[in-house]
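# Close look at the chain arrangement
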Amino acid sequence: MTDRKWPATDIALSCFVVHLHDISGRTRMTGTVLIIAASMFIEAAPSIVRAAVDSGVKVSATGLTHLSTNIEGTTVAADIVMRIPPRVEPGVATACTQSRIPCSLVSELRIRVGEAYIHMPRSVASRLADVNRASLHEIAAGRFELLLECGDASEAFEAHVLFDDGRVTQLDIIDGEAKMLAERTIFADVSHAFDD
């Protein structure tokens, strides 16, 4: 790659050939994925298109897992506390995916941006279980994502916890097999609801 500054009208193209195989190894689908990125956008907002700042850490089935990274001088950190509950009775609603025995629940989730912990809705942690890996990403200037890879096989999913320097704004659950959005929760900012 050169240090050449591309004019705003130039477009960078990347092309990848994708082959999907079944269990026997036979090719079932072949296609081409074309990625187009306007150079003007890349030069104007490098933080928006930057790669993951942390490739991820393995999350312990019990106890505390801590991950931290520095994004343009700001420390972004997450603490994930996991616990194995007592025997789960059949028919009792839990976040357990049934893909790991014993199940491992998220009992606490804390995110810190800079020196302050952000507001974490209780429903975020209560939705998560059997977390395998976690990583932190910057998705836009001042906006971040905690990506949690959970479950296994047909019960696998990704939890995308989106946040800024004050609060969690959204939780997206992506189905692991279909690779589609399965659930989306948007958290409203009610911090000024009673301001005069």
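Structure: see above.
Overview of the structure. (Residues numbered from 1 in each chain as written. Predicted model: local features only at pLDDT ≥ 70, side-chain atom pairs only at ≥ 80, totals over all residues. Heavy atoms only, no water.)

## Some remarks on the sheet that holds strand E7 (residues 116–117)
Keep this limit in mind: Pairing between strands requires that DSSP locate at least two bridges from one strand to the other. A helix here means a DSSP run of H or I that spans at least four residues, while a strand means a run of E at least two residues long, and both kinds are numbered starting from the N terminus.
Strand order in this open sheet of four strands is E4-E5-E6-E7, and the pairing throughout is antiparallel. Among the strands making up the open sheet, the edge pair consists of strand E4 (63–71) and E7. Bridging between E4 and strand E5 (residues 74–83) involves nine bridges; their strand directions are antiparallel. Within E5, the residue paired with serine 68 across the bridge is alanine 77.

## Things to note about the packing of aromatic side chains
Definition in use: Pairing of aromatic rings covers Phe, Tyr and Trp, the last through its six-membered ring, and needs centres within 6.5 Å; plane angles under 30 degrees mean stacked, over 60 mean edge-to-face, and all others mean tilted. Note on geometry: a ring has a charge over it if NZ (lysine) or CZ (arginine) is within 6 Å of the ring centre and within 35 degrees of the ring normal.
A full pass over the atoms with the stated rule returns one aromatic pair. Above the plane of the ring of phenylalanine 157 lies arginine 127, whose end atom (NZ or CZ) is 4.9 Å from the centre.

## A few points about the side chain of threonine 169
What counts here: Accessibility here uses a 1.4 Å probe with only protein chains present; expressed as a share of the type maximum, an area under 20% marks a residue as buried, one over 50% as exposed, and anything in between as partly exposed. The contact criterion used throughout is that any non-hydrogen atoms of two residues lie within 4.5 Å.
When you line up the elements, threonine 169 lands in strand E11 (residues 168–175). A relative accessible area of 15% means that threonine 169 is categorised as buried. Those residues in contact with threonine 169, other than ones at most four positions away along the chain, are Arg143, Leu162, Phe163, Asp164, Thr185, Ile186 and Phe187.

## Digging into the nonpolar core
As a reminder of what qualifies: In this description, a nonpolar core means a group of buried Ala, Val, Leu, Ile, Met, Phe, Trp, Tyr and Cys residues linked to one another through side-chain atoms lying within 4.5 Å.
Counting residues in each nonpolar core, the largest one holds 31 residues, and the members touching the most others are Leu109, Leu146, Leu148 and Phe163. Contributing elements (two or more residues each) for this core: E4, E5, strand E6 (105–113), helix H2 (122–126), strand E8 (131–140), strand E9 (143–150), strand E10 (157–163) and E11. Ignoring anything within four residues of it in the chain, the contact list for leucine 148 reads Ile80, Leu128, Val131, Arg133, Ala134, Phe157, Glu158 and Ala159. Within the second largest apolar cluster, five residues are counted, among which are Cys96, Cys103, Leu105 and Ala129.

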